[in-house]
Amino acid sequence: MLGRTIARHGLTLIATALLGGLLSATLVRLAPGFNTDEAALDPHLSSQSIQALHQARTEQHNILRFYLHSLQGALHGDLGTSISLKQPVRRLLHDRVPLTLRLVGLGLLMGWAAVMALALTAAWLRVMACDLCATVLTGLLICVPAAVLALLSVLWNIPGALAIALIIFPRDYRFTRNLLDKAYSLPHIVTARAKGLSEGRILFWHVVPSAGPQLLALAGVSVSLAIGAAIPVEALCGLAGIGQLAWQAALARDLPLLMNITVLVTLVTLLANSSADVIGHVWRGQQA
Amino acid sequence: MVRLGKAIALAAFCLAALTGAALAQGQLRFCLRSEPKTFDPLQVEDDASVAIRYLTGGVLVRLNRQTQAVEPGLATSWKISKDSKQITFKLRSGVSFSDGTPFSAEDVAYTVQQLMDPALHSATGDAFRSGAGKVETKIVSPTEISITFPAPVAGLDRQFDQVAILSAHSPKKEMAVLGPFMVADYKPGTTVLLKRNPNYWKTDEQGRKLPYLDSIQLDIQPNRDVEMLRFKRNEIDLINALDSEYFDKLASTSQNVAHDAGPSLDSEQMWFNEVAKAPIPGYKKNWFRSATFRRAVSQAINRNDLARVVFRGHAQPAVGPVSPANKFWFNSKLKPETCSPDAALKALQKEGFHLENGTLKDMQGNEVVFSIITNSGNKYRERMATMIQEDLQKIGIHVNVVTLDFPALIERMTQTFDYEAILLGLTNVGLDPNEQMNVWLSSSENHQWNPAEKTPETPWEAEIDNLMRAQGSAADPKKRKESFDRVQEIAVEQAPFIYLVNRNALSAISTNVQNASPVILVPQTYWNVERLSLK
């Protein structure tokens, strides 16, 4: 049963990543300015050199052929060459993935630590003022665009990971608070509290097993949220990660680079969601 | 007496050693605004790679960015043939690359052959390509070489300022350099670390080895706001091409940090679409192809206001294709266009245009309306476009301002020709008119208002073609100047480009940096990098 679930998720993951790659390649191909290269404006260049620049773009005109060719290359470990940065895409990704992973990982860790701390406090204390404060804080944060948070982190010299944490925190807090609230309202937990069981024991023996699978699913979704937030944060804070690379690639209509980034981000996002699903599945199975 | 002499000599030696040591210490830090695309100096095309080439590359001759004169580099002397086809260099002896490989004429020959390989499509190489045929190199001796081009190359010696010499034998290839610094470390997307080249040949007047600095850290930082913040936090020491807004902020908060070197070579300009096959109505093409219309638009624009309001006074009204900062090539007879909406209107009325309820109409009764495209995100150009819109409204012309991202704008400008007017800037790196050859030749792809004409479509474009070719093949600088002066006059008379302003060369230099003397030419702040030191 578990094997089947993993296989199903694996197949969905591969199919979605392939489709995502094709879609992103098509979008870039159809974007205005795809056929151009800023370098062609250099007045030193001879007409032959300008023609050579145009020629490099024409090889990508037939998007299906380009995509199949790229897939073929990817199977052999060749992800192509970035048009704008003139470097192998594989090397660019290799150089930049660690920073984004660190940034997103730290952001998620800080964001979830804040979410759990505040949600648990609100659920435990059940004090109106505490809940109100948390609601106002998250409401304010959710109104601030990700780019503004990124700019503030630049201005105040705050680490980019904190900006990511502040982006995911208000979005995850409300769901988590509701899940915990629902769990604390379950009859057996109310009974346990009435019998005077310690809060720690209630939390780890009753609340977590009850709300855990849904929280895991939420954690999976917040990974994609954090990756999305990494683009403005990296671009504005000048951090050399995948987000900054994606921004530069989009501005330069860099088809090979943007396509590979899309596939990579799709894979990571789906992997996070699928892992949450599979673990949740196992968890529920154990509980049953 | 002998003792005293010895004591003085010892003291002088100690002082020199101490000063030398003091000057030699330190790491200069500044930002590159993009990732360098290459470390191969022959394939350089982007600003970041140009910066690294300047800091690491050894050149035969160096254009002094302050005096605008050509000075000896790896070549101690040079001679250009009368027909401007051949240049003979006498090379410095006893020079080695950063890895210890000796430098000789063989390296120069190797570099030139690599550079002129047509398959390389090098912008630096293309600048030498004035005619079809092969470039020949003749090694006369290890310290003398002749290079012969198939056609005359104007300003031949100056062009070698951009050619960093590669080693023909070093296993390190382009990483073996002859310049003051060498690439020591590169963290993609983050930093490029340059360290002092221990084999650099130059010494200062006291015989101390140059450069004074130990290393330079170049942080890759595309965000200008972050660059400015880092400067304020003393994390970086220099900022080149500073925005006027930032300049004023810096000047108001810290003294002796912000520097305005005066008008640069860069110009901001607009032009109309004169392409015959452009997908715009025929009557609009007729306006745009009329020199009277273009001149009237030019006359109605208040350049002083553009300089004062948009650039906060850190720009000068432009005169023509050459900035007054270009000491030799600027045609001093030309004066900036005086803003006169009345004179503009009169000229238009002579051409059959008329005002009707405050709206200008052409002979057929079509309202004079056009759109100006500029690149989005460039606040200066967006503001200039808005001010031009207001100026032209005074003579009844309605202008729509459209902003597009750069690739979309380039596509319209160079491929679909689906635009009416464009407002952009031209970054002039070099001083010689040959640098602008591909802009002025009617057959060129970069002849922006009407690219790649099979034959010149107007008599004045034919005249410019002839003049540009004449100056390109003449050896006598005076004759070249005469030809190019005429090109500038035609450009002003016909206004294919409406030159608006020349931005000032603004920069910021930390007070920790010694011997800095910012200039208008690139690289403004570190042109004398060998002599920069830190307190």
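## Quick notes on the overall build of chain A
And then number 1: Within chain A, the regular secondary structure consists of 11 helices and zero strands.
And then number 2: Traced from its N-terminal end to its C-terminal end, chain A shows the element sequence α-α-α-α-α-α-α-α-α-α-α.
And then number 3: Principal-axis analysis of the C-alpha atoms gives chain A an extent of 85 × 50 × 25 Å.
And then number 4: Within chain A, the fraction of its 288 residues that count as buried is 39%.
And then number 5: By sequence separation, contacts in chain A at least 24 residues apart represent 76% of the contacts at least 6 residues apart.

## Details of the overall build of chain B
And then number 1: When helices and strands are tallied, chain B shows 16 helices and 21 strands.
And then number 2: Taken over the C-alpha trace, chain B has a radius of gyration of 26 Å; the compact-globule value for 535 residues is 24 Å, and the two agree within 12%.
And then number 3: Oriented by its inertia axes, the alpha-carbon framework of chain B measures out at about 95 × 55 × 45 Å.
And then number 4: Restricting to contacts in chain B with at least 6 residues of sequence separation, those with at least 24 account for 67%.

## What about the interface of chain B and chain A?
And then number 1: Taken together, the contacts link 34 residues of chain B with 30 residues of chain A.
And then number 2: Of all the secondary-structure elements, those providing two or more residues to the side of chain B that touches chain A are helix 4 (123–126), helix 6 (224–232), helix 13 (406–416) and helix 14 (437–440) of chain B.
And then number 3: It is helix 13 of chain B that contributes the most residues to the side of chain B that touches chain A, seven residues altogether.
And then number 4: Classifying every residue of the side of chain B that touches chain A gives 13 nonpolar, 11 polar and 10 charged.

## Considerations on the sheet that holds strand 4 (residues 75–80) of chain B
All names here are of chain B.
And then number 1: Here we have four strands laid out as an open sheet, ordered 4-5-7-6, and antiparallel in their pairing. With partners counted over all chains shown, the strands left at the sheet margins are strand 4 and strand 6 (136–141), one partner each. The average undirected angle you get between the axes of adjacent strands in this sheet is 20 degrees.
And then number 2: Taken together, the five bridges between strand 6 and strand 7 (residues 144–148) define a ladder with antiparallel strand orientation. Its bridge partner being in strand 7, Thr137 is matched across the sheet by Ile147.
And then number 3: Most of the contacts of helix 3 (residues 105–115) go to strand 6, to which it runs at about 180 degrees, and overall it touches strand 5 (86–91), strand 6 and strand 7.

## Thoughts on unusual backbone geometry
And then number 1: Residue Leu210 of chain B is joined to Pro211 of chain B through a cis peptide bond whose omega torsion reads 0 degrees.
And then number 2: Mapped onto the fold, Pro211 of chain B is located in the loop between strand 9 (191–196) and strand 10 (215–220).
And then number 3: Of note, the amide linkage connecting Val522 of chain B to Pro523 of chain B takes the cis form, showing an omega dihedral of -5 degrees.
And then number 4: Even without being glycine, Arg253 of chain A reaches a positive phi, approximately 55 degrees.
And then number 5: Inspection of the secondary structure assignment puts Arg253 of chain A in the loop between helix 10 (242–251) and helix 11 (255–287).
And then number 6: Not every positive phi belongs to a glycine, and Ala452 of chain B is a case in point at roughly 50 degrees.
And then number 7: One can find Ala452 of chain B in the loop between helix 14 and helix 15 (459–473).

## Considerations on the nonpolar core
And then number 1: One finds Ile164 and Ala226 of chain A together with Leu60 of chain B to be the most contacted residues of the largest nonpolar core, which totals 147 residues.
And then number 2: The element contributing the most residues to this core is helix 9 (residues 199–237) of chain A, with 15 residues.
And then number 3: In this structure, Ala226 of chain A is in contact with Val104, Gly107, Leu108, Ile164 and Ile168 of chain A, ignoring residues within four places of it in sequence.
And then number 4: Counting residues in each nonpolar core, the second largest holds 63 residues, with Trp271, Ala408, Leu424 and Ala491 of chain B among its members.

## Some thoughts on the environment of Asn273 of chain B
Residue and element names in this part refer to chain B.
And then number 1: Along the chain, the position of Asn273 falls in the loop between strand 12 (258–272) and helix 8 (282–288).
And then number 2: Since 24 C-beta atoms lie within 10 Å of it, Asn273 is described here as buried.
And then number 3: Residues Asn273 and Ile422, spaced 149 residues apart in sequence, show a C-alpha to C-alpha distance of 8.0 Å.
And then number 4: When near neighbours in sequence (up to four residues on either side) are disregarded, Asn273 contacts Ala278, Ile280, Phe288, Phe417, Tyr419, Glu420 and Ala421.

## Considering helix 3 (residues 63–75) of chain A
And then number 1: With 13 residues, helix 3 of chain A ought to run about 18 Å at 1.5 Å a step, and its terminal C-alpha atoms sit 18 Å apart, in line with that.
And then number 2: At the exit of helix 3 of chain A stands Gly77 of chain A, carrying a positive phi of roughly 85 degrees.

## Overview of the pairing of strand 12 of chain B
All names here are of chain B.
And then number 1: Most of strand 12 is tucked away: 11 of the 15 residues are buried.
And then number 2: When strand 12 meets strand 18 (residues 421–426), the two strands line up antiparallel, connected through six bridges. By the bridge assignment for strand 18, Ser267 is matched with Leu426.

## A few points about the pairing of strand 7 of chain B
When a strand is regular, its side chains alternate between the sheet's two faces.
All names here are of chain B.
And then number 1: Burial along strand 7 is one-sided: the residues Ile145 and Ile147 are buried and none of Glu144, Ser146 and Thr148 is.
And then number 2: Bridging between strand 5 and strand 7 involves five bridges; their strand directions are antiparallel. Paired with Thr88 across the strands is Ser146, a residue of strand 7.

## Examining the confidence of the model for chain A
Detailed reading of the predicted model is not advised wherever pLDDT is low.
And then number 1: Model confidence for chain A is summarised by a mean pLDDT of 87, while 99% of its residues fall at 70 or above.
And then number 2: Mean pLDDT per element in chain A: helix 2 (residues 47–58) of chain A is the minimum at 80, and helix 10 of chain A is the maximum at 92.

## Description of the packing of helix 8 (residues 187–194) of chain A against helix 9 of chain A
Residues and elements named next belong to chain A.
And then number 1: Relative to each other, helix 8 and helix 9 sit at 165 degrees, their axes nearing to 10 Å. For the element pair helix 8 / helix 9, the angle class is roughly antiparallel. Note that helix 8 runs across helix 9; the crossing there is right-handed. Here His188, Ile189, Ala192 and Arg193 of helix 8 lie close against helix 9, whose contacting residues are Ile202, His206 and Val207.
And then number 2: For the contact of helix 8 with helix 9, the residue count by class is four nonpolar, two polar and one charged.

## Some details on the packing of helix 10 (residues 303–310) of chain B against helix 12 (residues 379–393) of chain B
Residue and element names in this part refer to chain B.
And then number 1: Where helix 10 contacts helix 12, the axes come no closer than 10 Å and their chain directions differ by 140 degrees. Accordingly, the angle class assigned to the pair helix 10 and helix 12 is oblique. Like other packed secondary-structure pairs, helix 10 and helix 12 cross with a definite hand, here right-handed. Listed contacts from helix 12 to Asp305, Leu306, Val309 and Val310 of helix 10 are Tyr380, Arg383, Met384 and Met387.
And then number 2: For the contact of helix 10 with helix 12, the class distribution of residues is six nonpolar, no polar and two charged.

## Quick notes on the environment of Val59 of chain B
Residue and element names in this part refer to chain B.
And then number 1: Tracing the backbone shows Val59 in the loop between helix 2 (47–56) and strand 2 (61–63).
And then number 2: The exposure class of Val59 is buried, given the 20 C-beta atoms found within 10 Å.
And then number 3: The spacing of Val59 and Gln162 is 103 residues in sequence and 7.2 Å in space, taken between C-alpha atoms.
And then number 4: Dropping the residues within four chain positions of it, Val59 is found in contact with Gly73, Leu74, Phe160, Asp161, Val163, Ala164 and Ile165.

## Digging into the environment of Lys232 of chain B
Residues and elements named next belong to chain B.
And then number 1: Mapped onto the elements, Lys232 comes out in helix 6.
And then number 2: Of the residues examined, Lys232 has 16 C-beta atoms within 10 Å and is grouped as partly exposed.
And then number 3: Sequence separation of Lys232 and Ser254 is 22 residues, and the distance between their C-alpha atoms is 9.3 Å.

## A few points about the confidence of the model for chain B
Residue and element names in this part refer to chain B.
And then number 1: Summing up the model confidence of chain B, the mean pLDDT is 91 and the portion of residues at 70 or higher is 95%.
And then number 2: pLDDT under 50 marks residues 12–24. Its contacts with residues more than four places away, or in other chains, come to six contacts.
And then number 3: Model confidence for the complex is summarised by a pTM of 0.85, with the ipTM given as 0.77.

Parameters at a glance
Residues numbered from 1 in each chain as written. Chains lettered and ligands numbered in written order. Predicted model: local features only at pLDDT ≥ 70, side-chain atom pairs only at ≥ 80, totals over all residues. Helix = DSSP H or I, 4+ residues; strand = E, 2+ residues; numbered from the N terminus. Buried ≥ 20, exposed ≤ 12 C-beta atoms within 10 Å, placed from the backbone. Contact = placed C-beta atoms within 7 Å. Rg over C-alpha atoms; globule rule 2.2 N^0.38 Å. Nonpolar A, V, L, I, M, F, W, Y, C, P; charged D, E, K, R; others polar. Pairing = 2+ DSSP bridges. Axes fitted to C-alpha atoms, helices over the stretch in contact; angles between N-to-C directions. Core = buried A, V, L, I, M, F, W, Y, C linked by C-beta atoms within 7 Å. Expected span 1.5 Å × (residues − 1). pLDDT = per-residue confidence, 0-100. Parallel < 35°, antiparallel > 145°, perpendicular 65-115°, else oblique. Left-handed = near helix turned anticlockwise from the far one by under 90°.

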